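# Survey of secondary and tertiary structure
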Amino acid sequence: KNTAENNANANVNTNATSASASASASEEPHPHKYKVLSPKAVANIPNYQYNGIDKSLIYKYILSPLAGFLVENFTPSTLAPNTITLFGLFLMFMSYLHVYYHCPTIDHCSIEEEGGESESDS
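As the structure is a prediction and not an experimental result, all values here were calculated from the model.

Once that is clear, we can look at the overall build of the protein. On a plain count of helices and strands, the protein comes out with 4 helices and 0 strands. Counting from the amino terminus, helix and strand elements in the protein follow one another as α-α-α-α. The proportion of buried residues among the 122 residues of the protein is 2%.

Encoded structure:
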């Protein structure tokens, strides 16, 4: 009886293998690993160059010179740019925690003085 079951299982496995082989044979093979991009686009990937432009006056006359000054004078050359970004993220996260600590809800932090009447109450 076990031999008959093993033969039946082997036939099922063989049928499944041949079905998957025929399914993969019917699919078109991709000449490259990028399924969304055309072959021409894949060939142009090494030539891509980011070109971001900010034409605002604040960026041109304030932010860019300030960033250049701070990087040249206060940043060690061994410090990676991603480290600077993560440090800024940490500072933002700490400022949010500070605000949340002092004002957990909007109702908790009102401009009105405690115990005093507001203009809308009178």
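Further remarks concern the confidence of the model for the protein. Looking at the protein as a whole, its pLDDT mean stands at 76, while 64% of the residues score no less than 70. The low-confidence segment residues 4–26 (pLDDT under 50) makes 0 contacts with residues lying over four places distant or belonging to another chain.

On to helix H3 (residues 57–74), then. Over its 18 residues, H3 runs 25 Å from end to end, which matches the ideal 26 Å to within 8%, given 1.5 Å per residue. For H3, the principal kink sits at Leu 63 and spans about 35 degrees; a proline, Pro 65, occurs within the next four residues.

Before going further, it helps to examine the packing of aromatic side chains. Counting across every chain of the model gives 1 aromatic pair. Ring geometry for Phe 69 and Phe 74: centres 5.9 Å apart, planes at 75 degrees, overall edge-to-face. Judged by relative accessible area, Phe 69 falls into the partly exposed class, the value being 44%.

What follows covers a nonpolar patch on the surface. A cluster of nonpolar residues, Leu 57, Ile 58, Tyr 59, Tyr 61, Ile 62 and Leu 63, forms a patch on the protein surface that exposes about 660 Å² of accessible area. Within the secondary structure, Ile 58 sits in helix H3.

Conventions used here
- Residues numbered from 1 in each chain as written.
- Predicted model: local features only at pLDDT ≥ 70, side-chain atom pairs only at ≥ 80, totals over all residues.
- Heavy atoms only, no water.
- Helix = DSSP H or I, 4+ residues; strand = E, 2+ residues; numbered from the N terminus.
- Buried < 20%, exposed > 50% of the residue type's maximum accessible area, 1.4 Å probe, protein only.
- pLDDT = per-residue confidence, 0-100.
- Contact = heavy atoms within 4.5 Å.
- Expected span 1.5 Å × (residues − 1).
- Bend = angle between axes of the 7 residues up to and from the residue.
- Phe/Tyr/Trp six-rings, centres within 6.5 Å; stacked < 30°, edge-to-face > 60°.
- Patch = residues over 30% accessible without salt bridge, like charges linked within 9 Å, V, L, I, M, F, W, Y side chains within 5 Å.
- Areas by Shrake-Rupley, 256 points an atom, 1.4 Å probe, with all protein chains shown as cover.
- Salt bridge = Lys/Arg side-chain N within 4 Å of Asp/Glu carboxyl O.

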